[in-house]
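Chain and residue survey
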There are 2 protein chains.
Amino acid sequence: MAHKTRPVILRAFRGIDGFASARELHAQAVGNGDALGLATVYRELRRMVSEEIVDVVHDLDGEARYRHCDEAHHHHLVCERCGLTREIAGEEIETWIIGVAQSAGFHQIRHTIELVGLCSTCAS
Amino acid sequence: MAHKTRPVILRAFRGIDGFASARELHAQAVGNGDALGLATVYRELRRMVSEEIVDVVHDLDGEARYRHCDEAHHHHLVCERCGLTREIAGEEIETWIIGVAQSAGFHQIRHTIELVGLCSTCAS
DNA sequence: CACCATTTTGATAACGGTTCTCATTTGTCC
DNA sequence: GGACAAATGAGAACCGTTATCAAAATGGTG
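None of the values given here were measured: they were computed from a predicted structure.

Further remarks concern the overall build of chain A. Counting its regular elements, chain A contains 5 helices and 6 strands. When the elements of chain A are put in sequence order from the N terminus, they spell out α-β-α-α-β-β-β-β-α-β-α. Looking at chain A as a whole, 43% of its 124 residues are labelled buried. With an accessible surface of roughly 6,900 Å², chain A has 51% of that area assigned to carbon and sulfur atoms.

This part takes up the interface of chain A and chain B. Across the contact, 38 residues belong to chain A and 39 residues belong to chain B. In total, about 3,200 Å² of surface goes out of reach between chain A and chain B, with carbon and sulfur atoms giving 64% of it. For the pair chain A and chain B, the number of links is 0 salt bridges. Remark: the boundary between chain A and chain B carries 3 residue pairs in polar contact (both at pLDDT 80 or more). Going through the elements one at a time, β4 (75–79), β5 (85–88), α4 (91–104), β6 (107–118) and α5 (120–123) of chain A are the ones with two or more residues in the side of chain A that touches chain B. Of the residues in the side of chain A that touches chain B, the class split is 21 nonpolar, 10 polar and 7 charged. One ladder, built from 9 bridges, connects β6(A) with strand β6 (residues 107–118) of chain B; its direction is antiparallel. Counted as the bridge partner of A:Arg110 is B:Val116 from β6(B).

Residue and element names in this part refer to chain A. When we look at burial in helix α1 (residues 5–14), the residues that qualify are Thr 5, Val 8, Ile 9, Ala 12 and Phe 13. End-on, the buried residues of α1 take up no more than an arc of 140°, which puts them together on one face. Those residues of α1 hidden inside the fold are in contact with α2 (22–31), α3 (38–50), β2 (54–58) and β3 (64–68).

So, on to unusual backbone geometry. Working note: non-glycine residues mostly have negative phi, and peptide bonds are mostly trans. A positive phi is found at B:Glu52, a non-glycine position, where the angle reads about 60°. Residue position: B:Glu52 is located in the loop between α3 (38–50) and β2 (54–58).

Around DNA strand C there are 17 residues in total, and A:Tyr42, A:Ala64, B:Thr5, B:Thr40 and B:Arg43 lie nearest to it. Among all atoms of DNA strand C positioned within 4 Å of the protein, those belonging to sugar or phosphate total 72%. Within the contact set of DNA strand C, a phosphate oxygen lies 2.4 Å away from a side-chain nitrogen or oxygen of A:Tyr42. The set of elements that each furnish at least two residues to the surface near DNA strand C consists of α3 of chain A together with α3 of chain B. Here the surface near DNA strand C is composed, by residue class, of 8 nonpolar, 4 polar and 5 charged.

Attention now moves to the pattern of salt bridges. When the charged atoms of two side chains with opposite charge come close together, those side chains can pair. For the structure shown, the criterion picks out 11 salt bridges over all chains. A salt bridge links B:Arg6 to B:Glu51; the shortest N-O distance between them is 2.9 Å. Placement of B:Arg6 in helix α1 (residues 5–14) and of B:Glu51 in the loop between α3 and β2 is noted, with a sequence separation of 45 residues between them. The class for B:Glu51 is partly exposed, based on a relative accessible area of 43%. As a salt-bridge pair, B:Arg65 and B:Glu24 come within 3.1 Å of each other at their nearest N and O atoms. Here the residue B:Arg65 occupies a position in strand β3 (residues 64–68), and B:Glu24 occupies one in helix α2 (residues 22–31), the gap between them amounting to 41 residues. Looking at B:Arg65, the relative accessible area reads 19%, which means it is buried. A single network of salt bridges, built from pairs that share partners, joins A:Arg6, A:Glu44, A:Arg47 and A:Glu51.

A few words on the nonpolar core. Where a protein is soluble and globular, its nonpolar side chains tend to be buried together. Judged by nonpolar contacts, the single largest core of 30 residues is most densely connected at A:Leu77, A:Ile93, A:Trp96, A:Phe106, B:Leu77, B:Trp96 and B:Phe106. Those elements that provide at least two residues to this core are β4, α4 and β6 of chain A together with β4 (75–79), α4 (91–104) and β6 of chain B. Core analysis: the second largest hydrophobic core is formed by 17 residues, A:Ala20, A:Ala29, A:Val54 and A:Val56 among them.

All names here are of chain B. Bridge count for β4 against strand β5 (residues 85–88) is 4 bridges, and the pairing is antiparallel. What sits directly across from Leu 77, in β5, is Arg 86. Here β4 folds back onto β5, and the loop between the two strands holds 5 residues, one of which, Gly 83, carries a positive phi near 85°.

How each quantity is defined
Residues numbered from 1 in each chain as written. Chains lettered and ligands numbered in written order. Predicted model: local features only at pLDDT ≥ 70, side-chain atom pairs only at ≥ 80, totals over all residues. Heavy atoms only, no water. Helix = DSSP H or I, 4+ residues; strand = E, 2+ residues; numbered from the N terminus. Buried < 20%, exposed > 50% of the residue type's maximum accessible area, 1.4 Å probe, protein only. Areas by Shrake-Rupley, 256 points an atom, 1.4 Å probe, with all protein chains shown as cover. Contact = heavy atoms within 4.5 Å. Buried area = accessible area lost by both parts, 1.4 Å probe. Salt bridge = Lys/Arg side-chain N within 4 Å of Asp/Glu carboxyl O. Polar contact = N/O pair within 3.5 Å; in protein donor to acceptor, adjacent residues only side chain to side chain. Nonpolar A, V, L, I, M, F, W, Y, C, P; charged D, E, K, R; others polar. Pairing = 2+ DSSP bridges. Arc of directions from axis to C-beta. Near = heavy atom within 4 Å. Core = buried A, V, L, I, M, F, W, Y, C linked by side-chain atoms within 4.5 Å.

Below is the structure:
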């Protein structure tokens, strides 16, 4: 069976940094020249999540955001005034989370971390 | 200044263990004999979230689940299956965040941290 | 109490993300 | 090629949430 959808999704993930919504992935795929329907994107993402190839978290509005598991996991610091974004190396926090989860007996922990504030220029 | 809604919501929270959806809170309030509309429940919950009186997380389907939180700032570990909730002492993470913000020159950082997974019983 | 201005409420419509439906297309096997 | 099975996608349906707006409750004032 040809399964042409999955490679298209994986290529779309490669063109996006970090987490992406289903709609963003669809737009990226179309931009890549891979024509496919939104329903197919949702269906394939659901499969990939159940196969644990893709992580899913929900933003504050409840919208699902997906991330290919093989990518490096990092967080962002966002300026709420000018939109400046800065990547954070989150080694520390990942280990902290794993420790917290283990001591509570929790498994398969997903986390969302959102840091918003004012960058140095906007603060002055 | 009537504000009769908030006490009704708080009473509904008292009758529920852990996190509850808006619909569950509405049903609980009605069960308590407090008649009110679903729209009012959503509106008051939004207010309480913005006042940081209530915590909100999202389950696997993206549905919002609320919890009354009268303590200061803290985080939760939530089981996405049974709703079991565990409070996390987050001293470590607060200092980590402050450090990250300082080194990036950011000020007035607000943060959202959401940890969702499977508790030990649901994992087996 | 009567009156008006302001706020709150709630039934319902609208909205948006996700899932479902099903006719059509595509792939596989003989 | 022909027949059967799987995959696809356009649009409908679904469901939680938010917006709308008229009615009701409240507060202040004379």
